[in-house]
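Coordinates in review
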Amino acid sequence: MVTVRVIPCLDVRDGRVVKGVKFQGLRDAGDPAGLAWNYEAQGADELVLLDVSATPEGRGHAVRTVAAVRAGLGIPMTVGGGVRVAADAGALLEAGADKVSVNTAAVERPALISEIAERFGSQCAVLALDAARRADGGPGWEVVVLSGTSRTGMDAIGWAREAAGRGAGEILLTSWDRDGTGTGYDLDLVAAISRAVRVPVIASGGASGPGHLLAAVRAGADAVLAASIFHYGRYAIADVKDTLEAGGVRVRR
Amino acid sequence: MSAPGTLPGVVIVRTGTANLASVVAGLARAGAAARLTEDPAEVASAPRLVLPGVGALGAAMERLDALGLSGPLADRVRAGRPTLAVCLGLQLLAERSDESPGVPALGVVPGNATRFSGPVRVPQLGWNRVVPGPGCRLLEEGFAYFANSYRLEAPPPGWSAALADHGGPFVAAMERGPVLACQFHPELSGAWGLSLLRRWLAVADEAAGGAW
């Protein structure tokens, strides 16, 4: 039986981790490679690296960052941010990513998902789905793009199904309402998307403690992603795995 | 033979779309310098060969056939020359796969790869417990990282296999002498995977007669 994955997320801009990070024993806490290796040593099951660079120069850094992280990393790494064509995915995979996530560009041109899946395999193609409860208070969630600045009106559940049908092998599901709030994942959203597709679902957005991650798993998530709870040293990966295990969830130890 | 003090070499088959950076980096961490080839003579004669693979079986076989690599690959595995097959590489050793029904694979072992069934997530993405069966020398119990939708359901005769469970048992890896085929990714399986790579390199080196 495959175990539930605990996944730290690094936001990287121009080759540096941008969310504040306070690890002890790291001389340079903004270095993505050092952080990544530290997380592997702690027992992280996988790593997500999101490139939030705004410029083409920054994106050039991303490929070099992926290569530097990969040299010393022995666990899977998903890389996302700015992938607009299959060749962008190819460059990241060639540098050492194992999976590539697509977001806004796939909403604008859904064939991007099929192109990546056909060329590199479904297991490489991750849909990053940012969803928000409907602004008009209607039922369900809508897809948001451009880092949350634009609501599309598209139904999130329908988009998840379509993406899986086009070959996405995994869905990285972020609640835009909860991200950064620390109030826990949107469990209804996690449950709805997990039920709607057969591919694995990574829950993201809103965690401020191990209990939130356990709740997401109970709602149906196959993996749980968090950033700040790990970066600020509030919790180690082991703390989260202890909580999951105490809750009857199988984890890799 | 390489000069004393240089890293032992491993040749990786360039299977086309496979993202090889993780395999190259994993082998480097295990102490081996890797380089890529698509030369049939080198695939036949390399003292240590890695057959990686991601993507669809049909596309991979098309490429191997076009490059003239299918025969040398099948021959060296049959002959027990040191070979490590990873992920799709394992399925390529079978007769065919549900993934590409009309396409004959290398046919080194009997049986077909089939899609995971039952109430489980497909693809299987994540860490699963690997339990070695009788006769395994290289494979040890532990957690390995998988990324696959198809699998062999039962080990072929003459191979020692380790099993894992995803809606039922499947072949996580199998070994015969210095030939090791892993459905999981040893290069992404942390310290456990690294030690497996090191054991394979050691056994492969022995079998190759220390010809480095």
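A few points on the structure. (Residues numbered from 1 in each chain as written. Chains lettered and ligands numbered in written order. Predicted model: local features only at pLDDT ≥ 70, side-chain atom pairs only at ≥ 80, totals over all residues. Heavy atoms only, no water.)

1. Quick look at the overall build of chain A
For chain A, the helix and strand inventory stands at ten helices and eleven strands. Taken over C-alpha atoms, the radius of gyration comes to 17 Å for chain A, in line with the 18 Å a tight globule of 253 residues would show. In terms of principal-axis extent, the alpha carbons of chain A reach across some 45 × 40 × 35 Å. Counting over 253 residues, chain A shows a buried share of 57%. A sequence separation of at least 24 residues applies to 64% of the contacts in chain A between residues at least 6 apart. (Helix = DSSP H or I, 4+ residues; strand = E, 2+ residues; numbered from the N terminus. Rg over C-alpha atoms; globule rule 2.2 N^0.38 Å. Buried < 20%, exposed > 50% of the residue type's maximum accessible area, 1.4 Å probe, protein only. Contact = heavy atoms within 4.5 Å.)

2. What about the interface of chain B and chain A?
Between chain B and chain A, the contact holds 29 residues from the first and 38 residues from the second. Buried surface at the junction of chain B and chain A, both sides included, amounts to about 2,600 Å², of which 54% is carbon and sulfur. Its largest share of buried area at the contact with chain A, chain B owes to Arg-121, Leu-125 and Trp-127 of chain B, together 30% of the area lost on that side. Our count for the chain B to chain A interface comes out at one salt bridge. Note that Arg-121 of chain B is salt-bridged to Asp-222 of chain A, the shortest N-O span being 3.1 Å. Put simply, chain B and chain A have 20 residue pairs in polar contact (both at pLDDT 80 or more) between them. For the side of chain B that touches chain A, the elements supplying multiple residues, two or more each, are helix H1 (21–29), strand E7 (124–132) and strand E8 (142–148) of chain B. Per-element accounting of the side of chain B that touches chain A gives the leading share, five residues, to E7 of chain B. Across the side of chain B that touches chain A, the residue classes tally to 13 nonpolar, twelve polar and four charged. (Buried area = accessible area lost by both parts, 1.4 Å probe. Salt bridge = Lys/Arg side-chain N within 4 Å of Asp/Glu carboxyl O. Polar contact = N/O pair within 3.5 Å; in protein donor to acceptor, adjacent residues only side chain to side chain. Nonpolar A, V, L, I, M, F, W, Y, C, P; charged D, E, K, R; others polar.)

3. Comments concerning empty space enclosed by the protein
A complete count under the given rule lists two cavities of 30 Å³ or more for this structure. Of the voids in this model, the largest cavity is the one considered here, and its volume is about 160 Å³. In terms of lining residues, the largest cavity is bounded by 20 residues, among which Asp-98 of chain A together with Asn-19, Val-54, His-185 and Leu-188 of chain B are the most central. When contributions to the lining of the largest cavity are tallied by element, the ones reaching two or more residues are H1 and E8 of chain B. Residues belonging to the lining of the largest cavity are distributed by class as follows: twelve nonpolar, five polar and three charged. (1 Å grid on protein atoms, 1.4 Å probe; cavity = no way out; pocket = protein on both sides within 12 Å on 5 of 7 lines; lining within 4 Å. Points joined across faces, edges and corners; volume = space filled by probe spheres on them.)

4. Quick word on the pattern of salt bridges
One pass over the full model with this rule turns up 23 salt bridges over all chains. Close ionic contact of Arg-133 of chain A with Asp-188 of chain A constitutes a salt bridge, the shortest N to O distance being 3.5 Å. Within this pair, whereas Arg-133 of chain A is found in strand E6 (residues 125–133), its partner Asp-188 of chain A is found in helix H7 (residues 187–196), the two being separated by 55 residues in sequence. The closest approach of N and O atoms between Asp-75 of chain B and Arg-78 of chain B, which form a salt bridge, is 3.8 Å. Taken together, the positions of Asp-75 of chain B and Arg-78 of chain B, both in helix H4 (residues 70–78) and three residues apart, correspond to about one turn of that helix. When its relative accessible area of 48% is taken as the criterion, Arg-78 of chain B is described as partly exposed. One network of salt bridges, in which partners are shared, links Arg-5, Glu-46, Lys-99 and Glu-170 of chain A.

5. A short note on the side chain of Thr-114 of chain B
All names here are of chain B. Structurally, Thr-114 can be placed in strand E6 (residues 112–115). A distance of 2.7 Å separates the side chain of Thr-114 from the side chain of Arg-151, its partner in a polar contact. Filtering out sequence-adjacent residues up to four positions away, Thr-114 remains in contact with Asp-98, Ser-149, Tyr-150, Arg-151 and Glu-153.

6. Thoughts on the sheet that holds strand E1 (residues 9–13) of chain B
All names here are of chain B. One open sheet accounts for nine strands, arranged E2-E1-E3-E4-E12-E11-E10-E7-E8; its pairing is mixed. The strands lining the two open edges of the sheet, one partner per strand, are strand E2 (33–37) and E8. On average, adjacent strands in this sheet sit at an angle of 25° to one another, irrespective of strand direction. (Pairing = 2+ DSSP bridges. Axes fitted to C-alpha atoms, helices over the stretch in contact; angles between N-to-C directions.)

7. Structural notes on the layout of surface pockets
Here the idea is plain: a probe the size of a water molecule rolls over the atoms and shows the empty space left. Residue and element names in this part refer to chain A. The calculated volume of the largest pocket comes to roughly 1,000 Å³. What lines the largest pocket is a set of 41 residues, and nearest its centre among them are Leu-50, Val-52, Asn-103, Asp-130 and Ser-147. For the lining of the largest pocket, the elements supplying multiple residues, two or more each, are strand E1 (5–13), strand E3 (47–51), strand E5 (99–102), helix H4 (104–108), E6, strand E9 (170–175) and strand E11 (223–226). Residue composition of the lining of the largest pocket, grouped by class: 15 nonpolar, 17 polar and nine charged. Of the voids in this model, the second largest pocket is the one considered here, and its volume is about 410 Å³. Every residue lining the second largest pocket is counted, 22 residues in all, and those nearest its centre are Met-1, Val-2, Thr-3, Val-4 and Asp-222.

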